[in-house]
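Breakdown of the fold
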Amino acid sequence: MKLFLLLSALGLCWAQYAPHTQQGRTSIVHLFEWRWADIAAECERYLGPKGFGGVQVSPANENVVINNPYRPWWERYQPVSYKLCTRSGNEAEFKNMVTRCNNVGVRIYVDAVINHMCGSGNPAGTSSTCGSYYNPNNRDFPAVPYSGLDFNDNKCNGEISNYNDASQVRNCRLSGLLDLALEKDYVRTKIADYLNHLIDIGVAGFRLDAAKHMWPGDIKAVLNKLHNLNTSWFSAGSRPFIFQEVIDLGGEAIKSSEYFGNGRVTEFKYGAKLGTVIRKWNGEKMSYLKNWGEGWGFVPSDRALVFVDNHDNQRGHGAGGASILTFWDARMYKMAVGFMLAHPYGFTRIMSSYRWDRNFQNGKDVNDWIGPPNNNGATKAVTINADSTCGNGWVCEHRWRQIRNMAAFRNVVDGQPFSNWWDNGSNQVAFGRGNRGFIVFNNDDRSLSTTLQTGLPAGTYCDVISGDKVNGNCTGIKIQVGGDGKASFSISNSAEDPFIAIHAESKL
Ligand code: AAO
């Protein structure tokens, strides 16, 4: 009995850190701006079969429609109500997606915009994705309803200007967005009602947008009101997975550790540093990655949600700076994502983007606002080409062979220790995951040719970066592991993808 109580207490306090992915599935993908109908189809035809754990979807609630600039992606971060009604689809389509994805073992995590409503400068009217009326001027959002009493104007009605002042960051406006008074039980209840609606439909958790701009205790009070997950798909008593968008690159008043009590936090240092290393900026080398993780000053692994890029910093918003790698730098990007998925640190999120016309002026992309591929504002379907890549302007990084196969690698090595590290003191490195997987990188300007201890059982393995194991054959490079666990590797510095990865299930 005592043991049971202890275990259930542990379960209760640890639960919000667990993503509730199906057994053996270890990463999620952000299908940025996808329609619900396309996500449902992608779960069934691709994500389920390929072993992806879940999808972070764009905000599900009604938002402002902005026509100048024309339908920017960021209009979705300006809520008007909590009706499930956006460019991605309506409530029926949302429910259909959640059901179909859960049924093939793929979880849905919603980007929850609960810190604020829309920008103060929007005119009153019904320019919204569901036609709800709103008036930012007198803070009237009748479709919730919220009124002037529900915002932080009495504490601060101006912009955040000083990130060294924690009260300002949490009480003032982020980019002019009307800041909700989350210390009010009424506001907490309205937000919890929205999140509970999503939980009851079957979502597995939430990204809390702009969590840094909310007091940790206010978030906690909202979380305490949340239902357990839907028992159609989750075991009784499961708590929603929570990952909070807290940007803490150091040097500001707010520390991400203040949010550990609520759930995981986004570790922004991860992508910023990994980009710097792979680009070889500031004298960084891959050999320094030997103690990657907490050794680099990151939050504890079991509190971290990690990613190479996100929807903000792939286009110069948010934080991370110029070092961030994206699909635009495909060769380095694949190495970075490969490294992330092979390495045990953190819970991993893969980015899946759309292409837009970049236009740099004085180092800034003036087209950083461009929304998803669309016809007169209606988001275009994600079409699938004969070679399994995506059409209609969707990049689908998660479908790139190297990335898709590394997501599978992470599943295969789940729970195995970081092992057999090797480096040449420069940018040639290798490491394994127990006796289940091994990866070798050559990011130097000379070729790599060496024999390494892989930790794997003897056999012939298929490199899942240059090819796939198909019907027992390998379409890429083959690696022979001897009875002593050693194998020889050769990687040209001009290889299309200068890295090799083998694992227990790529054995021929
Ligand atoms: C749009 C317009 C605005 C307009 C507003 C209202 O662009 O001109 O005023 O509407 O009408 C997104 C877009 C915004 C957009 C907004 C609403 O990015 O452009 O505004 O939708 O439509 C901060 C927050 C972080 C936030 C990030 C963008 O802390 O929470 O800014 N991300 C989320 C979402 C994002 C969304 C929102 C929040 C709002 O992911 O998509 O905005 O819902 C420092 C701070 C960071 C701060 C950055 C940027 O970072 O630390 O906390 O992020 O500044 O302000 C170095 C430093 C690093 C620093 C960075 C940048 O790297 O080390 O600490 O430089 O200075």
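In this text the structure is predicted, and so the values were computed from the model without any measurement. Each chain has its residues counted from 1, running along the sequence as written. A pLDDT threshold of at least 70 governs which residues receive local features in this predicted model, and a stricter bar of 80 or more applies before side-chain atom pairs are shown or counted, although totals over entire chains, interfaces and linings include all residues. In computing side-chain values, all of the structure's heavy atoms are included and hydrogens and water are not.

1. A short note on the sheet that holds strand β11 (residues 304-306)
Definition in use: Paired strands are those between which DSSP finds at least two bridges. Helix and strand assignments follow DSSP, with helices taken as H or I runs no shorter than four residues and strands as E runs no shorter than two, numbered in order from the N terminus. For helices, the fitted line uses only the C-alpha atoms of the stretch in contact; every axis is such a line through C-alpha atoms, and the angle between N-to-C directions lies from 0 to 180 degrees. Contacts between residues were defined by any pair of non-hydrogen atoms, one from each residue, lying within 4.5 Å.
Read around the closed barrel, the eight strands follow the order β1-β2-β5-β8-β9-β10-β11-β12; overall the barrel is parallel. Each strand axis lies, on average, 30° off the axis of its neighbour in the sheet, ignoring direction. With two bridges joining them, β11 and strand β12 (residues 347-352) adopt parallel strand pairing. Residue pairing in the sheet places Leu-305 in a bridge with Phe-347 of β12. Against the sheet, helix α2 (residues 36-50) makes contact with β1 (27-31), β2 (54-57) and β5 (107-112), and its axis sits at roughly 165° relative to β2, the strand it touches most.

2. Brief notes about the sheet that holds strand β19 (residues 437-442)
A sheet is described by the order of its strands in space; here four strands give the open sequence β17-β18-β19-β26, paired in antiparallel fashion. Edge positions in the sheet fall to β17 (418-423) and β26 (499-503), since each has one partner strand and no second. Adjacent strand axes in the sheet meet at a mean angle of 10°, parallel and antiparallel pairs treated alike. Of the strand pairs in this sheet, β17 and strand β18 (residues 428-433) are connected by four bridges, and their pairing is antiparallel. Bridged to Phe-418 within β18 is Arg-433. Seen against the sheet, helix α8 (residues 330-342) touches β18, β19 and β26 and runs at an angle of roughly 150° to β19. Contacting β18, β19 and β26, helix α9 (residues 401-412) runs over the sheet at an angle of about 40° to β26.

3. Looking at the site of the ligand
Put simply, the test is: Note on definitions. A residue lies near a molecule or strand when any single heavy atom of the residue is within 4 Å of it. Polar contact is the term for a pair of N or O atoms within 3.5 Å; when the atoms are in protein, one must be able to donate a hydrogen and the other to accept it, and sequence-neighboring residues count only if both atoms are side-chain atoms. The method behind every accessible area is Shrake-Rupley, applied with a 1.4 Å probe, and residues are considered shielded solely by the protein chains displayed. Residue polarity follows a fixed list, in which Ala, Val, Leu, Ile, Met, Phe, Trp, Tyr, Cys and Pro are nonpolar, Asp, Glu, Lys and Arg are charged, and the others, Gly among them, are polar.
Surveying the vicinity of the ligand reveals 25 residues, the closest of which are Trp-74, His-213, Glu-245, Glu-252 and Asp-312. Taking Ser-175, its main chain carries an N or O atom lying 2.8 Å from an oxygen atom of the ligand. At 2.9 Å, a side-chain N or O of Arg-207 approaches an oxygen atom of the ligand. In isolation the ligand offers 1100 Å² of accessible surface; the protein chains occlude 71% of this area. For the shell around the ligand, the per-class residue count stands at ten nonpolar, nine polar and six charged.

4. Some words on the pattern of salt bridges
Definition in use: For this document, the term salt bridge refers to a Lys or Arg side-chain nitrogen within 4 Å of an Asp or Glu carboxyl oxygen. Note on exposure labels: buried denotes an accessible area under 20% of the residue type's maximum, exposed denotes more than 50%, and partly exposed covers the range between, all computed with a 1.4 Å probe on protein chains only.
Counting across every chain of the model gives 25 salt bridges. The partner of Glu-33 in a salt bridge is Arg-76, with the nearest N and O atoms 2.9 Å apart. In this pair, Glu-33 sits in the loop between β1 and α2 while Arg-76 sits in the loop between β3 (61-63) and β4 (79-84), placing the two residues 43 residues apart along the sequence. Taken as a pair, Glu-33 and Arg-76 share a single burial class, namely buried. Measuring nitrogen to oxygen at the nearest pair gives 3.4 Å for the salt bridge that ties Arg-279 to Asp-329. With a gap of 50 residues between them, Arg-279 in helix α7 (residues 268-279) and Asp-329 in the loop between β11 and α8 connect regions that are remote in the sequence. Among the residues examined, Asp-329 registers a relative accessible area of 25% and is labelled partly exposed. Bridged by salt links that share partners, the residues Asp-111, Arg-207, Asp-209 and Glu-245 form one connected network.

5. Quick word on the UniProt feature "domain: Alpha-amylase C-terminal" (unreviewed entry) in the chain
So the rule is basically this: UniProt positions are given in the numbering used here, feature names are shortened, and annotations may be inferred rather than shown by experiment.
Mapped onto this structure's residue numbering, the UniProt feature "domain: Alpha-amylase C-terminal" (unreviewed entry) falls at residues 419-507. When the span residues 419-507 is considered, its composition is 0% helix and 52% strand, and the gap between its end C-alpha atoms is 19 Å.

6. A word on the state of the cysteines
The criterion, for reference: Here, a disulfide means two cysteine sulfur atoms that sit within 2.5 Å of each other.
Tallied over the full model, the rule gives five disulfides. Paired through a disulfide, Cys-156 and Cys-172 show a sulfur-sulfur distance of 2.1 Å. Taking the torsion about the S-S bond as the criterion, the Cys-156 to Cys-172 disulfide, at about 105°, is right-handed. Of the two residues, Cys-156 is situated in the loop between β6 (116-119) and α4 (166-171) and Cys-172 in the loop between α4 and β7 (177-179); the sequence distance between them amounts to 16 residues. Exposure class is identical for Cys-156 and Cys-172. Each is buried.

7. Some remarks on the packing of aromatic side chains
Under the convention used in this document: Note on aromatic pairs: the rings of Phe, Tyr and Trp (six-membered ring only in Trp) are paired at centre separations within 6.5 Å, and the planes decide the class, stacked below 30 degrees, edge-to-face beyond 60, tilted for the rest. For a ring to carry a charge above it, either NZ of a lysine or CZ of an arginine must fall within 6 Å of the ring centroid while also lying within 35 degrees of the normal to the ring plane.
Per the stated rule, a full pass over the model turns up 36 aromatic pairs. Relative to Trp-421, the ring of Phe-418 has its centre 6.0 Å away and its plane inclined at 35°; by these criteria the two rings are tilted. Take Phe-418: its relative accessible area is 29%, and that puts it in the partly exposed class. Under the relative-accessibility criterion, Trp-421 is labelled buried at 17%. Clustering of aromatic rings is evident, with ring pairs tying together Tyr-270, Trp-292, Trp-296, Phe-298, Phe-339, Tyr-345, Phe-418, Trp-421, Phe-431, Phe-441 and Phe-499. Directly above the ring of Trp-356 sits Arg-315, whose terminal nitrogen or CZ lies 4.2 Å from the centroid. Its end group placed over the ring of Trp-328, Arg-358 keeps NZ or CZ at 4.1 Å from the ring centre.

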